[in-house]
Amino acid sequence: MDKVNELKEKGNQALSAEKFDEAVAAYTEAIALDDQNHVLYSNRSAAFAKAGKFQEALEDAEKTIQLNPTWPKGYSRKGAAAAGLNDFMKAFEAYNEGLKYDPTNAILLQGRMETTASALSFMQSQGDIPMDVDPQQARSRRAPSPPPKPAEPPKPAEPRVEDMTEEQKNKYFARKEKELGNAAYKKKDFETALKHYHAAIEHDPTDITFYNNIAAVHFERKEYEECIKQCEKGIEVGRESRADFKLIAKSFARIGNTYRKLENYKQAKVYYEKAMSEHRTPEIKTSLSEVEAKIKEEERMAYINPEKAEEEKEQGNLFFKNGDYSTAVKHYTEAIKRNPDDPKLYSNRAACYTKLAAFDLGLKDCDTCIKLDEKFIKGYIRKGKILQGMQQQSKAQAAYQKALELDPNNAEAIEGYRQCSMNFQRNPQEVLKNAMSDPEIQQILKDPAMRMILEQMQSDPNAVKEHLQNPAIADKIMKLLESGIIQIH
């Protein structure tokens, strides 16, 4: 905020010295750092009004009121700007609205009185009130009518060069050269455009616009190094001449576009961020997001290493065999990052998720490995087992059916398909009866620790995740799942 206050004070000093453009520039820079500060918009509105830019002054006044509707000064700014545009009705309404919050405010009262006088004077000049009639009598004789719309200002006459100062002449001829350059640019006559833009710089070397235009020509001609060079020169000139921050942002953005064309996305990101720090626009923000996505993809691709993936897979296999399924998942995940197109890695991780009863994650991995290789039979078998664990027998049977289409003699697929068919025909009582006849199931259910765990799982379904971290308990729970004694959804 110290920087904001410094810029505000700088603007105030410039305004007092009647350096209105400098004041506007300082307030604008401060607003870029704190765009919710109503005082900054109010001060810039005053600077615009002093410079005769009443439309811009009105927009800033309305922004001031939007940010702080109860602040009287916002309404006095709006009244002054509207009066400058000869919109006396709007000015009168603004002063009245401000007086609702501060009925004794001298500035608002004075403004309302001056607006009334200005409106009458304007109407007289337009012939609405005869000059020999007292305005008070005129108001009592005729019904009030809305003030006329301000007449469009006449187009300024072409200035006389002989009446200009040397500086004015230079700027005038520079502008003419730029216009000729723009016309040639639109016709894609880049050589002629460059000639005129360089001529403009000879007349006025302090205008960043000319350097930006030269850079645009080099960009179109795919002369990217020269484009960057001209943009950098333009930024340097713009800083020295205190150019509009939007023009400086444009130079930075063009450098970003150039690096993007060169597929140097990290440098493009740097310059898009610099452009955003000068002036945020949706176009620059979109470009920044796109190059960030490119950088992320490049980093992902650079990380791919099938040899490292194989090492991680072996580590995952080792932990899987030891029943440490959570650690196995970490190694398979790293292997996938190193080689994201290997379906076996997703299949192996799906097996871990199955053991951990994380069926939704396992199912997602199965679908991924099938998508990568539609003939990868293990993917369909893993999917069938997971769907069986979720008690979705029809979907599980369809997965086994796909596996059998690839290999009609696959023993796992045949057994899985058979189990699904049997489960369709069995009722819950029969499932329980058959399970209880299994000595292993009986042993598990007689274990006091397992009975306590099963009771806990009934009252707190999330407890299963914690218990599955123990390989011995995980195997027993999986056995109960396969038998149909318990279900996890």
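Refer to the structure printed above.
Overview of the structure. Keep in mind the model is a prediction, meaning the values are calculated, not measured. (Residues numbered from 1 in each chain as written. Predicted model: local features only at pLDDT ≥ 70, side-chain atom pairs only at ≥ 80, totals over all residues. Heavy atoms only, no water.)

Moving on: the pattern of salt bridges. Inspection of every chain in the model, using the stated rule, returns 21 salt bridges. When the shortest N-O distance is used, the salt bridge between Glu179 and Arg175 registers 3.1 Å. Here Glu179 and its partner Arg175 are both found in helix H9 (residues 166-186), four residues apart, which amounts to about one turn of the helix. Relative accessible area serves as the criterion here: at 37%, Glu179 is assigned to the partly exposed category. Given a relative accessible area of 36%, Arg175 falls into the partly exposed group. One salt bridge in this structure joins Glu412 and Lys378, with 3.2 Å as the shortest N-O distance. Taken as a pair, Glu412 in helix H22 (residues 411-425) and Lys378 in helix H20 (residues 377-389) lie far apart in primary sequence, 34 residues in all. We classify Glu412 as partly exposed; its relative accessible area is 36%. According to the relative accessible area criterion, Lys378 is partly exposed, its value standing at 29%. (Salt bridge = Lys/Arg side-chain N within 4 Å of Asp/Glu carboxyl O. Helix = DSSP H or I, 4+ residues; strand = E, 2+ residues; numbered from the N terminus. Buried < 20%, exposed > 50% of the residue type's maximum accessible area, 1.4 Å probe, protein only.)

Here we come to the layout of surface pockets. Taken as a whole, the largest pocket encloses approximately 1300 Å³ of empty space. Forming the boundary of the largest pocket are 33 residues, of which Ala25, Thr28, Ala243, Asp244 and Phe245 lie nearest the centre. Residue assignment for the lining of the largest pocket shows that the elements contributing at least two residues are helix H1 (2-16), helix H2 (20-33), helix H3 (38-50), helix H12 (224-240), helix H13 (245-261) and helix H14 (265-278). Of the residues forming the lining of the largest pocket, the biggest block, ten residues, is contributed by H2. Counted by class, the lining of the largest pocket contains 14 nonpolar, five polar and 14 charged residues. Domain assignment of the residues forming the lining of the largest pocket places at least three in each of domain 1 (1-123) and domain 2 (205-302). (1 Å grid on protein atoms, 1.4 Å probe; cavity = no way out; pocket = protein on both sides within 12 Å on 5 of 7 lines; lining within 4 Å. Points joined across faces, edges and corners; volume = space filled by probe spheres on them. Nonpolar A, V, L, I, M, F, W, Y, C, P; charged D, E, K, R; others polar. Domains from an automatic or database assignment.)

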